[in-house]
Amino acid sequence: MSPRVPRDELRVLGLTALAVLAFPYLFAEAPVVSDVLNGYAGLATPILIWGIFVMGYDLLHGYTGLLSFGHAAFWGAGGMTVGALIHHAEFSFPLVAVALAVIVGILLAALIGYLSLRRGGIYFAILTLAFGQMIYYTMLGPAGQLTNGEDGLILDASSLFGVIPLDAGLPVLTPLGIIPSWLYAVTGVLTLVSVAVAYRILQSPYGLVFKAIRENEQRASFVGLNVWRYKLAAFVASGAFAGLAGGLHALQAGNASASPFYWIVSGDVVIMSILGGVGTLFGGFIGAGIYLYMDNVASSIGLIGDRWHLLLGVLFVVIVWLFPDGVWGGLRRLRSMVGSDDTTHTQTTDDGGND
Amino acid sequence: MPLLETENLVKRFGGVTATDDVSVSIESNERVSLIGPNGAGKSTLINLITRRLDPTEGEIRFNGESILGLKPHDVVQRGVSKSFQTASIFPQLPVIDNARIAALGAEHGAFRLNLLSRLDSYDEVDAVARETLQDVGLWAERETAAADLPYGDKRRLELGIALAAEPDLLLMDEPTAGMSPEETAATVELIENVKAERDLTFLLVEHDMEIVMNISDRIIVLDRGSVIAQGTPEEIRESERVQDAYLGGADR
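Residues numbered from 1 in each chain as written. Chains lettered and ligands numbered in written order. Predicted model: local features only at pLDDT ≥ 70, side-chain atom pairs only at ≥ 80, totals over all residues. Heavy atoms only, no water.

Identification of chain B as Probable branched-chain amino acid transport ATP-binding protein LivG from Halosegnis rubeus is taken from an unreviewed UniProt entry. Under Sequence similarities (unreviewed entry), UniProt gives the following word-for-word description of chain B: "Belongs to the ABC transporter superfamily." As recorded by UniProt, the Function (unreviewed entry) comment attached to chain B reads in full: "Probable component of a branched-chain amino-acid transport system." (UniProt positions renumbered as here; feature names shortened; annotations may be inferred.)

Naming follows an unreviewed UniProt entry, where chain A appears as Branched-chain amino acid ABC transporter permease of Halosegnis rubeus. Under the UniProt heading Subcellular location (unreviewed entry), the note attached to chain A is "Cell membrane".

Shown next as structure tokens:
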């Protein structure tokens, strides 16, 4: 009999909460560590936001084995939902706007997934790319009135947040360097919720069915699974996380434009996913962290500067070479090597529950 | 009413007729073998029944109802499962998860699952997975990744995946192909045991005549897409037509 309150979930959520709390302090405030890293508090929020995006994407790519190149569409749509509501409709409930961004992400993913999943493998990837770009150009041109193109909509922070300005600090905690802003607090709570939902999905029958499809799609259908619909479910779930993250991103950036719809974003999420570890769930946050760190911190070091993309490329090759399952997978392997006398050389794909 | 019935089944690939007017039927609790030389249409017939292929003409009925409008996964839901000629397993997953997937698929595969319910609350899935692995003798290896099993065990797992669907009709496509004599003997014993224990109805495609003769109630002989004979093992052994077509020249 399984316990009513699953212990593994409590552990995952506890550790996630701890990491979310400790991260900005370690990154931006702690002596020595933050000096070496050269981190700053403002980067902590986007790392969590992109982490949610990548984690959701991992459900599709890492667990179900479907490579999508169109996830910019859901990220962009989430951002535009929040942007349009706040800018055009002068809507003053940012959290409700983010909730609607999730719904838009779900609906758009259902539509694009429905159309793209008629083909498999590389054709599926190209179809998602094509639909994503169609939406990008629509946002740029025909829907330019709504989106204001690449300049986008300015989301004025002061008019946004009604009672509590999201970019203001919290009493006590912010001066101590623990939680940099209300926006970080909100993002942190939503990160926790996202991890809880994604982890539960993987513990549900869906998690096993996703892996079955990744491992052997034909067999999955010949044990009676309606593979197509489970693929659509994975696609829609990842679209929901992308919509959520995109909505938060618009709040954080104070801007919603057509640019987040651009296909480069779909590529970024794949790169982050591989850096962190495909099929590791939590690796998404590591991958997002590495990428954004290179983009924002390393690029401001004189010697590196504009060459940060090159450095990222080298790092990418090294990581993929040394750790085929990304940084998270590498850490996990390291731990099992150090932690026990390693009787588990029969490597079963774990669902990331082991930290 | 027969459990499975095909009526004037024709499948053409371009100019090649793979099955030509095949009408066969299988009763409940009957063990039937399908034999014939290479290219006789055995695999095509199996693929037609599992809905992997669409027939050019004809009809297939299971429990009296046409299954021609169904997708392969629907056919499994109705109670027909298949073990593949090669080990078609989920390689990176532990053996127990391979069995769980199969149990889950047959029971809930038509998408009635709750995204937020935990798998470990589905007790019946675990029960079926356990029983299946015990039946095929892989319970001790349940935590091993399927890819790490020896070849014979992979094929047993393959059979287990088909059995975990608790089918009314099991289609077995050469379950002993490529096995060593020891593995073959073990697999035959396994089939015998399961057959006795589960009242299994099966349709077996097999080249090894000794296995076929021992295991079947009835044998259907295909040649060039047509049924040329069917009957009990004794009748088939005596039939000259079968000897000409199938064992052709071996005695001369």
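Text resumes after the structure shown.
### Points about the sheet that holds strand S11 (residues 226-231) of chain B
All names here are of chain B. Pairing is mixed in the open sheet, where 6 strands are placed in the order S7-S8-S9-S4-S10-S11. Bordering the open sheet on either side are strand S7 (80-83) and S11, each of which pairs with just one other strand. When strand polarity is set aside, the average angle formed by the axes of neighbouring strands in this sheet is 20°. Across 4 bridges, strand S8 (residues 169-173) lies against strand S9 (residues 202-205) in parallel orientation. Looking at the pairing, Asp173 lines up with Val205 of S9. Strand contacts of helix H5 (residues 151-164): S7 and S8, with the helix running at about 175° to S7, the strand carrying the most contacts. (Pairing = 2+ DSSP bridges. Helix = DSSP H or I, 4+ residues; strand = E, 2+ residues; numbered from the N terminus. Axes fitted to C-alpha atoms, helices over the stretch in contact; angles between N-to-C directions. Contact = heavy atoms within 4.5 Å.)

### Notes on the domain arrangement of chain B
All names here are of chain B. What the domain assignment lists for chain B is domain 1 (1-78 + 167-251) and domain 2 (88-165). A separation of 25 Å is found between the C-alpha centroids of domain 1 and domain 2. Counting residues at the interface gives 21 residues for domain 1 and 17 residues for domain 2. Taking both partners together, domain 1 and domain 2 bury about 1500 Å²; carbon and sulfur atoms supply 56% of that area. The largest contributions to the domain 1 side of the interface with domain 2 come from Gln77, Leu190 and Arg198, which together make up 38% of the buried area. One can count 1 salt bridge joining domain 1 with domain 2. Arg198 is paired through a salt bridge with Asp135; the nearest N and O atoms lie 2.8 Å apart. Put simply, domain 1 and domain 2 have 7 residue pairs in polar contact (both at pLDDT 80 or more) between them. Among the secondary structure elements, those contributing two or more residues to the side of domain 1 that touches domain 2 are helix H2 (72-78), S8 and helix H6 (181-198). If one sorts the elements of the side of domain 1 that touches domain 2 by residue count, H6 sits on top with 8 residues. (Domains from an automatic or database assignment. Buried area = accessible area lost by both parts, 1.4 Å probe. Salt bridge = Lys/Arg side-chain N within 4 Å of Asp/Glu carboxyl O. Polar contact = N/O pair within 3.5 Å; in protein donor to acceptor, adjacent residues only side chain to side chain.)

### Some points on the side chain of Ser181 of chain A
Residue and element names in this part refer to chain A. Along the polypeptide, Ser181 turns up in the loop between helix H8 (157-160) and helix H9 (182-203). For Ser181, a relative accessible area of 11% gives the class buried. Excluding residues within four positions of it along the chain, Ser181 makes contact with Leu166, Asp167, Ala168, Gly169, Leu170 and Thr174. (Buried < 20%, exposed > 50% of the residue type's maximum accessible area, 1.4 Å probe, protein only.)

### Some thoughts on the nonpolar core
The biggest cluster of nonpolar side chains holds 139 residues, and the ones touching the most others in it are Val82 and Leu281 of chain A together with Leu157 of chain B. With 15 residues, helix H12 (residues 227-253) of chain A is the largest single contributor of residues to this core. In terms of domain composition, this core takes at least three residues from each of domain 1 (1-78 + 167-251) and domain 2 (88-165) of chain B. Ignoring anything within four residues of it in the chain, the contact list for Leu281 of chain A reads Met55, Asp58, Leu59, Tyr63, Ala198, Tyr199 and Leu202 of chain A. One finds Val32, Leu53, Leu169 and Leu222 of chain B within the second-largest nonpolar core, a separate group that totals 26 residues. (Core = buried A, V, L, I, M, F, W, Y, C linked by side-chain atoms within 4.5 Å.)

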